[in-house]
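A structural walkthrough
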Amino acid sequence: MSIFKKTIFTGFSPNLTGRDTARALSYLLLPWRWARISSGRYVVLAEKKLREYFSVRHAYTFDSGRSALYYGLKTLGAGEGDEILVEAYTCVVVVNAIKFTGAKPIFVDIGDNFNIDPANLENKITAKSKILIIQHTFGLPAKLQEILAIAKRHNLKIIEDCAHSLGSRYQGELTGTFGHIGMLSFGSDKIISCVRGGALITDNQEIGLKIKELKNQLPEPSLIKTIQHLLHYPIFYISKPIYNLFIGKIILILAKKLNIINKIIYKQEKAGELVKFYPASLANALANILCYQIDEIDRLNSHRQNISEIYTKEINNQEINLPWRNNPIDFKNCACLRYPILLKNPNQLLSYAKKQGAMLGDWYNVPIAPADINFKKTGYLNDCPKAEFLASRSINLPTDRHIKLSDAKRIVKIINSFSGSN
Ligand SMILES: Cc1ncc(COP(=O)(O)O)c(C=O)c1O
């Protein structure tokens, strides 16, 4: 890692700003705000902003996307004896949300676009199939026309997993508005963030009222957890610019080890178990920060699209495969959360880039990420060869608001100078 060059991050809270940090600090330091940490008017405001953004009648927030997904599944009746179809090349918390309802996850293989392969979907449907989760990986909308036609034929209910695709459009309409329910995530690495948060949206009156009823039964978030989430802001804000000097790295490692800041995925979740503090409602203080970010969705995505175009035009290393160039995509309709590239030896490129101060992303390097989970508990039957192949070759590049044109060019230069024999 070079100490002379600013580190480029892919993860590490890419949406974090000074404005959000100041707001988080105000909740931590100003006594008259303490009473408003857990509950207050911002949850209602965030939900209103989401309803307006999506032009839907219902939007309800939760402590996370995974909790939102769990309640979305419950709303659509998932339970013991049901099969829920979901793509391999996803995150373990998605699989946990299914399992916690009592239903069984059935993994569908993916296509070159990292989204559900319609042909494989047909093969995986049985009489027990009840709900289909459609993920729009990296922000690229799935083949909705084909997939929705299959779902209709088999009477499947749909949840769109828009954790990566907030603001993406398919045939002019926002992803999240095609299924019975759209699920959003505001986790620290997503399109917009409040460290941890999520939502469900729907325009269906009956479904909306059911979600509302379940959401109203949620406990308030634990104060300790919310304080951890608020502390995430100053700690990352201070550490990232000095990460290359090692001090930043040490602060982050210590903050994690000492439990001063949250973990994105807890140990229990990696083992397929529930975490004690969740599910819960979204904390008012986090909803306050979310409100600013909701107003920025389209602007942030437009930046992501511009950065993605640079990668598409300028990466010219023969060892690297660019799926978004080979099957050209319309960047204007894609949230471009991360820019996927494929190569034979992703770990070599990760460490080569790291040495030059660029920490590239490894979503998803296994079909159900992260790699250190208890795979047996997921119920995955090693029956999605394409997902396994793509996972074994995946790297993703950052596109977030902090990636300047010069950073994108630095990444291009690193990638173009890489050789598997380096
Ligand atoms: C595809 C996908 N769906 C859902 C989630 C869950 O979102 P959250 O982290 O807000 O619980 C994730 C989490 O990383 C994800 O990658």
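Only a predicted model underlies this, so the values are computations on that prediction, with no experimental measurement involved.

Attention now moves to the overall build of the protein. Counting secondary structure elements, the protein contains 18 helices and 13 strands. In terms of overall size, the protein behaves like a compact globule, its C-alpha atoms giving a radius of gyration of 20 Å where 422 residues would be expected to give roughly 22 Å. In the protein, buried positions account for 60% of the 422 residues. A total accessible area of about 17,400 Å² is found for the protein, and carbon and sulfur atoms account for 55% of it. Seen as two clouds, the 55 positive and the 36 negative side-chain charges of the protein have centres 7 Å apart.

Okay, the pattern of salt bridges next. Once their charged atoms are close, side chains differing in charge can pair, the charge on each being opposite to the other. Evaluation of the coordinates by the stated rule reveals 19 salt bridges. Across the salt bridge formed by E296 and R19, the nearest N and O atoms sit 3.2 Å from each other. You can see E296 sitting in the loop between helix 12 (284–294) and helix 13 (297–314) and its partner R19 sitting in helix 1 (residues 18–29), a full 277 residues away along the chain. The buried category is assigned to E296, whose relative accessible area is 8%. Salt-bridge contacts for E314 lead to K409; the nearest nitrogen and oxygen are separated by 2.9 Å.

On to the side chain of T90, then. Relative to the helices and strands, T90 is located in strand 3 (residues 90–91). Of the residues examined, T90 reaches a relative accessible area of 1% and is grouped as buried. Here Q135 takes part through its side chain, which lies 2.7 Å from a polar atom of the side chain of T90. Other than its neighbours up to four places away in sequence, T90 contacts V95, Q135, Y364, P367, I368 and A369.

The ligand sits among 15 residues. The nearest are G65, R66, D161, S185 and Y364. Here an oxygen atom of the ligand sits 2.9 Å away from a polar atom, N or O, in the side chain of K190. For the shell around the ligand, the secondary-structure elements that each account for two or more residues are helix 4 (65–75), helix 5 (92–100) and strand 9 (181–185). Residues of the shell around the ligand, tallied by class, amount to 6 nonpolar, 6 polar and 3 charged.

The next point concerns the packing of aromatic side chains. In this structure the tally under the stated criterion is 18 aromatic pairs. Ring centres 5.3 Å apart and planes at 55° place the aromatic pair Y311 and Y339 in the tilted group. Of the two residues, Y311 sits in helix 13 while Y339 sits in strand 11 (residues 338–342), which places them 28 residues apart along the sequence. The pair formed by Y311 and Y339 is uniform in burial state, with each residue classed as buried. These aromatic residues form a ring-pair network of at least three members: Y89, F114, F138, W363 and Y364.

With that settled, the discussion passes to the pairing of strand 2 (residues 83–87). In terms of burial, strand 2 is a largely internal element, 5 of the 5 residues being buried. The alternating pattern of strand 2 places E83, L85 and E87 on one face and I84 and V86 on the opposite face, and all of these are buried. Relative to strand 4 (residues 104–108), strand 2 runs parallel, the two being bridged by 5 bridges. Within strand 4, the residue paired with I84 across the bridge is P105. Relative to strand 5 (residues 129–135), strand 2 is paired through 3 bridges, and the arrangement is parallel. Of the residues in strand 5, the one forming a bridge with I84 is I131.

Across the sheet, which stays open at both edges, the 7 strands sit in the order 1-10-9-6-5-2-4 with mixed pairing between neighbours. Taken across any chain shown, the strands that pair with only one partner, and hence form the sheet edges, are strand 1 (58–62) and strand 4. On average, each strand axis in the sheet is tilted by 25° relative to the strand beside it, whichever way the strands run. Against the sheet, helix 7 (residues 144–153) engages strand 5 and strand 6 (157–161), with an angle of about 170° to strand 5.

Moving on, we come to the domain arrangement of the protein. Taken domain by domain, the protein consists of domain 1 (18–32 + 222–277), domain 2 (39–216) and domain 3 (297–416). Contact between domain 2 and domain 3 buries roughly 2,900 Å² in total, counting both sides, with carbon and sulfur atoms accounting for 64%. The interface formed by domain 2 and domain 3 contains 3 salt bridges. Two residues, D383 and K124, come together in a salt bridge whose shortest N-O distance is 3.6 Å. Applying the counting rule to domain 2 against domain 3 returns 17 residue pairs in polar contact (both at pLDDT 80 or more). Elements that contribute at least two residues to the side of domain 2 that touches domain 3 include exactly strand 3, helix 5 and strand 4. Considered class by class, the residues forming the side of domain 2 that touches domain 3 number 18 nonpolar, 8 polar and 7 charged.

Conventions we followed
- Residues numbered from 1 in each chain as written.
- Predicted model: local features only at pLDDT ≥ 70, side-chain atom pairs only at ≥ 80, totals over all residues.
- Heavy atoms only, no water.
- Helix = DSSP H or I, 4+ residues; strand = E, 2+ residues; numbered from the N terminus.
- Rg over C-alpha atoms; globule rule 2.2 N^0.38 Å.
- Buried < 20%, exposed > 50% of the residue type's maximum accessible area, 1.4 Å probe, protein only.
- Areas by Shrake-Rupley, 256 points an atom, 1.4 Å probe, with all protein chains shown as cover.
- Lys, Arg positive; Asp, Glu negative; His and termini not counted.
- Charge placed at Lys NZ, Arg CZ, Asp CG, Glu CD.
- Salt bridge = Lys/Arg side-chain N within 4 Å of Asp/Glu carboxyl O.
- Polar contact = N/O pair within 3.5 Å; in protein donor to acceptor, adjacent residues only side chain to side chain.
- Contact = heavy atoms within 4.5 Å.
- Near = heavy atom within 4 Å.
- Nonpolar A, V, L, I, M, F, W, Y, C, P; charged D, E, K, R; others polar.
- Phe/Tyr/Trp six-rings, centres within 6.5 Å; stacked < 30°, edge-to-face > 60°.
- Pairing = 2+ DSSP bridges.
- Axes fitted to C-alpha atoms, helices over the stretch in contact; angles between N-to-C directions.
- Domains from an automatic or database assignment.
- Buried area = accessible area lost by both parts, 1.4 Å probe.

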